[in-house]
Amino acid sequence: DTEVTQTPKHLVMGMTNKKSLKCEQHMGHRAMYWYKQKAKKPPELMFVYSYEKLSINESVPSRFSPECPNSSLLNLHLHALQPEDSALYLCASSRTDQAGYTFGSGTRLTVV
Amino acid sequence: GENVEQHPSTLSVQEGDSAVIKCTYSDSASNYFPWYKQELGKRPQLIIDIRSNVGEKKDQRIAVTLNKTAKHFSLHITETQPEDSAVYFCAASKGSNSGYALNFGKGTSLLVTP
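All figures in this text were calculated on a predicted structure; none of them were measured in a lab.

1. A look at the overall build of chain B
When you go through chain B residue by residue, the secondary structure sums to zero helices and 11 strands. The secondary structure elements of chain B, listed N-terminal to C-terminal, are β-β-β-β-β-β-β-β-β-β-β. Dimensions along the principal axes, computed over C-alpha positions, put chain B at roughly 45 × 30 × 20 Å. Here chain B holds 114 residues, and 43% of them are scored as buried. Counting contacts in chain B only where the partners sit at least 6 residues apart, residues at least 24 apart contribute 54% of the total. Of the roughly 5800 Å² that chain B leaves accessible, carbon and sulfur atoms contribute 46%.

So, in structure tokens, the structure goes:
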């Protein structure tokens, strides 16, 4: 299995909702990443997990809460989001000693 | 932190011509430089990458060159085809035991006209 699987593919949520994005990989990768991509912009790094521990937080607002329950799963919990948080959220994974990671197909999030 | 600049922002070529996209980076510790292609509504896809111990890498019609001294790297696409039309992103990373966090350029929108 060489895929990174993200669910859901699309999500519409209100500003008072709580939702979660899920990411799964079975390639044995021990580094996992969340990126945010706005339209016509490059992906921006949000979080990096290494060996299930948060290693990088790019000053992301606390309304985004990442979680890595095991080496195959990565979640992004969302709460009290703003309309400007609408974007494509991309998950990726890699070996910790080797780059060339693959992105998942993303979750397209719309906050209304 | 790392700053990656990418030029041009848009590029239009005739089918069969070559296309060149250039990037510069600021952090001399960066050691990994991938290029991603992103079609409309899809995920970025890795098309080629290069590490700092290599000056050039080629894969069929695509090549990447790296000049560590000048801190710039370039993507070369030869014999372009309409299906090469997409947004191309360069990125730089210095890697660590924590993985490879990528810093992306702003992207180049490539249009290949038949």
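Additional details are given in the paragraphs that follow.
2. Things to note about the side chain of Ser93(A)
Residues and elements named next belong to chain A. If you trace the backbone, Ser93 turns up in strand E9 (residues 87–94). Within the local environment of Ser93, its side chain forms a polar contact with the side chain of His29, the two groups lying 2.8 Å apart. Residues contacting Ser93, with those up to four places away along its chain left out, are Val4, Gln25, Met27, His29, Ala31, Met32, Tyr33, Tyr101 and Thr102.

3. Quick look at the sheet that holds strand E3 (residues 19–25) of chain B
Residue and element names in this part refer to chain B. Spatially, E1-E3-E8-E7-E6 is the arrangement adopted by the five strands of the open sheet, whose pairing is antiparallel. One side of each edge strand has no neighbouring strand; the edge strands of this open sheet are strand E1 (4–7) and strand E6 (56–59). On average, each strand axis in the sheet is tilted by 15° relative to the strand beside it, whichever way the strands run. Pairing geometry for E1 and E3, over four bridges, is antiparallel. In the sheet register, His7 faces E3, and the bridge partner there is Lys22.

4. What to know about the sheet that holds strand E3 (residues 18–25) of chain A
Residues and elements named next belong to chain A. Across the sheet, four strands lie side by side as E1-E3-E8-E7; this open sheet has antiparallel pairing. Two strands lie at the open edges of the sheet, namely strand E1 (4–7) and strand E7 (64–70), each paired on one side alone. Each adjacent strand pair in this sheet contributes to an overall mean axis angle of 20°, direction not counted. The sheet contact formed by E7 and strand E8 (residues 73–79) spans five bridges and is antiparallel. Across the sheet, Asn70 pairs through a bridge with Leu73, a residue of E8.

5. Considerations on the interface of chain B and chain A
It is common to give the size of an interface as the accessible area lost on bringing the parts into contact. Counting residues at the interface gives 20 residues for chain B, matched by 27 residues for chain A. Across the chain B to chain A interface the summed buried area is about 1700 Å²; carbon plus sulfur atoms make up 57%. Considering only the side of chain B, the residues that lose the most area to chain A are Arg43(B), Ser98(B) and Tyr100(B), jointly responsible for 35% of the buried surface there. Remark: the boundary between chain B and chain A carries one salt bridge. The partner of Arg43(B) in a salt bridge is Glu3(A), and the shortest N-O contact between them spans 3.9 Å. Summed over the shared surface of chain B and chain A, the result is six residue pairs in polar contact (both at pLDDT 80 or more). Of all the secondary structure elements, the ones that give two or more residues to the side of chain B that touches chain A are strand E4 (32–38) and strand E5 (45–51) of chain B. In terms of residue class, the side of chain B that touches chain A is built from nine nonpolar, seven polar and four charged.

Calculation rules
Along each chain, numbering runs from 1 in the same order as the chain's sequence is written. Labels are handed out in written order, letters beginning with A for the chains and numbers beginning with 1 for the ligands. At least 70 in pLDDT is required for a residue's local features to be given in this predicted model, at least 80 for side-chain atom pairs to be given and counted, and no such filter applies to totals for whole chains, interfaces and linings, which use all residues. Each side-chain value is derived from all of the structure's non-hydrogen atoms; neither hydrogens nor water enter the calculation. We count a stretch as a helix when DSSP gives it H or I for four or more residues in a row; a strand needs E for two or more, and each element gets its number in order from the N terminus. Residue burial is assigned from relative accessible area. The probe radius is 1.4 Å, only protein chains are included, and a residue is buried under 20% of its type maximum, exposed over 50%, and partly exposed in between. Should any heavy atoms of two residues lie within 4.5 Å, those residues are counted as being in contact. Surface exposure here means Shrake-Rupley accessible area, sampled with a 1.4 Å probe, where a residue is shielded only by the protein chains that are shown. By the criterion applied in these results, polar contacts are pairs of N or O atoms within 3.5 Å in which, for protein atoms, one can donate a hydrogen and the other can accept it, and in which residues neighboring in sequence qualify only through two side-chain atoms. Only strands that DSSP links by at least two bridges are regarded as paired with each other. Between the N-to-C directions of two axes lies an angle of 0 to 180 degrees, each axis being a line fitted to C-alpha atoms and, for a helix, fitted only over the stretch in contact. Take the accessible area each of two parts loses on contact, using a 1.4 Å probe, and add the two losses: that sum is the buried area. Salt bridge, as applied in this entry: a Lys or Arg side-chain nitrogen positioned within 4 Å of an Asp or Glu carboxyl oxygen. Under the grouping applied here, Gly and all other residues not named as nonpolar or charged are polar, the nonpolar ones being Ala, Val, Leu, Ile, Met, Phe, Trp, Tyr, Cys and Pro and the charged ones Asp, Glu, Lys and Arg.

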